[in-house]
Amino acid sequence: MRRAPQALRLLAALLALGTGVGCPPRGPCTEPPPPPLFEGAMFAVGQPLELTIDGVFSSCATAQEDRAQSVTVEVKDPLNRVVPATAELTARGGSAIVRFTPEQTGRYHLVVSFAPVGSVRQSVLHVMEDQRAKAPLAEFSTVVECLSVDRTASGTWLCGSQALRGPDAEPQPLGDYFAPTVVAGDVVWVTDSVQVRRHVDEGDGPLRLSASAPFPATGAPANAPPHSRLATPDELLLLDEGHLHRYAYSEAEGLRAMGSVAVADTEYATFEDQVSSLLVRAGSRVLVARLTALPPPEEGLVAEACPFQVNAAGAPEAVPDEPCHRVPGVLAGLEEGVLWTHVTRDAGHSELLRYSAASGRLVLEGVLPVDAPFQSQTLRIRQGPGLPLVFSTHRAENRYAAPQWRADTGTVVPVIQPAPSDRQPPRVGGRYMWLEHWNTLYGVTVYSHPSTP
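Residues numbered from 1 in each chain as written. Predicted model: local features only at pLDDT ≥ 70, side-chain atom pairs only at ≥ 80, totals over all residues. Heavy atoms only, no water.

> If you had to explain the overall build of the chain to someone new, which residues and values would you point to?
Of regular secondary structure, the chain possesses one helix and 37 strands. Split into buried and exposed, the 453 residues of the chain put 46% on the buried side. Looking at the chain alone, contacts between residues at least 24 apart form 51% of all its contacts between residues at least 6 apart. Carbon together with sulfur atoms contributes 53% to the accessible area of the chain, which is approximately 22700 Å² in total. (Helix = DSSP H or I, 4+ residues; strand = E, 2+ residues; numbered from the N terminus. Buried < 20%, exposed > 50% of the residue type's maximum accessible area, 1.4 Å probe, protein only. Contact = heavy atoms within 4.5 Å. Areas by Shrake-Rupley, 256 points an atom, 1.4 Å probe, with all protein chains shown as cover.)

Dropping the structure here:
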């Protein structure tokens, strides 16, 4: 008579195994964070936007939840004003289509609310000026690569050390492939590791070599072309790792080396081609900008600018009784009379700082915040002036923005640049920006870029 209770107990144990009753409890179900919305995207001002916003539905529910039945949207512009916007659910209720037009540049705040399920989605949208549709100035199809782009006053293009009367003309080599050039009116200066050459554009035919001189004037030839250069039609200043050199030209005496002065060396370089110091024109002076380490107990690197001038004998010299001065950040870019530095504020944010040198010192004029989804592009600077570019680290949309100074408002704004469809970013120099591209053959597309006032 005791077999029945034993059988019942055995049946209960089997049922417990089948249903999980009596098993150790599972850990709490945790929802994965929703993917970020539009992180690092660059949107164009004045262009209608149509954005797809996915809802967020629980994966921990015991039963499949219904999709959203309604959706609302709120968009606020950089001045915290509400922007007209519409939102509609897709057919299955799992996402919404949001439409609005940003009418000014800056940071927009987007809030999309699904009901009764689907959560609330928020995002910051970065709206910028867009120059992707501007017309090119020239298309080079007869060159190998343009390490720099410039143009003489008479209209001859310079693609690195190659001169082209027209975009499809046969290039005239002015130096070897790595020899940097600098244009001053109709004069083109070319410097390699052993020689300085002065060429003149006479308006027709090939550029004429008017004079040359050894570089450096004394001592052994340099291991590489100079780091940086400044020029007028009759003067050339060259900065290498250890010296600032000055050359002067006149019809009567030709090209002469006027002298050199030692500059402080540095072991630090932030540019892609390992350039460690730059020349910045500062009125009647020039500044040698380099990186230096902060003294203990401080840590890190800062930019240091040291003033130089031309003495009565025509040689460069340090300005007497005027010490070097420091500014925050590492060297990031160069324009005529302008130096850019890059400062990291914390792990997710940094800034591009624009310094004017017209007063003889570096004076901060503008700041461009670089938010966490963006990053500043490292430049090759040995070939000439270049602006740092901002690009997204999280989206493969192939958009790059260059900082641009607005003198009327005293601000720095990012401007989306034309970009190729392949891997190469645009290059923004002193007066031009250009793209390298491959179709059937290699080519270069050149656009104008406003020079710094």
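> Lay out the packing of aromatic side chains in plain terms, naming residues and giving numbers.
Taken as a whole and assessed by the stated rule, the structure comprises six aromatic pairs. A centroid spacing of 6.0 Å and a plane angle of 75° characterise the contact between Phe38 and Phe43, whose relative ring orientation is edge-to-face. A network of ring pairs unites the aromatic residues Phe140, Trp157 and Tyr432 as a single cluster. (Phe/Tyr/Trp six-rings, centres within 6.5 Å; stacked < 30°, edge-to-face > 60°.)

> Tell me about the state of the cysteines, residues and numbers included.
Within the structure shown, the criterion is met by two disulfides. The disulfide partner of Cys146 is Cys159, and the gap between their sulfur atoms is 2.1 Å. Where Cys146 bonds to Cys159 through sulfur, the torsion about that S-S bond is close to -115°, and the disulfide is left-handed. Pair noted here: Cys146 is in the loop between strand 9 (138-140) and strand 10 (149-151) and Cys159 is in strand 11 (residues 157-159), with a separation of 13 residues, a long-range link. (Disulfide = S-S within 2.5 Å.)

> So what's going on with the pattern of salt bridges? Which residues, and what values?
All told, the structure shown has 21 salt bridges when counted by the stated rule. Residue Arg81 is joined to Asp77 by a salt bridge in which the shortest nitrogen-to-oxygen separation is 2.8 Å. Ionic pairing is found between Glu322 and Arg285, a salt bridge with its closest N-O pair at 2.8 Å. With Glu322 in the loop between strand 25 (316-318) and strand 26 (325-327) and Arg285 in strand 23 (residues 285-293), the pair connects residues that are 37 residues apart, well separated along the chain. Residue Arg285 is classed as partly exposed on the basis of its relative accessible area, which comes to 23%. Here the salt bridges do not stand alone but share partners, grouping Glu145, Arg380, Arg427 and Glu436 into one network. (Salt bridge = Lys/Arg side-chain N within 4 Å of Asp/Glu carboxyl O.)

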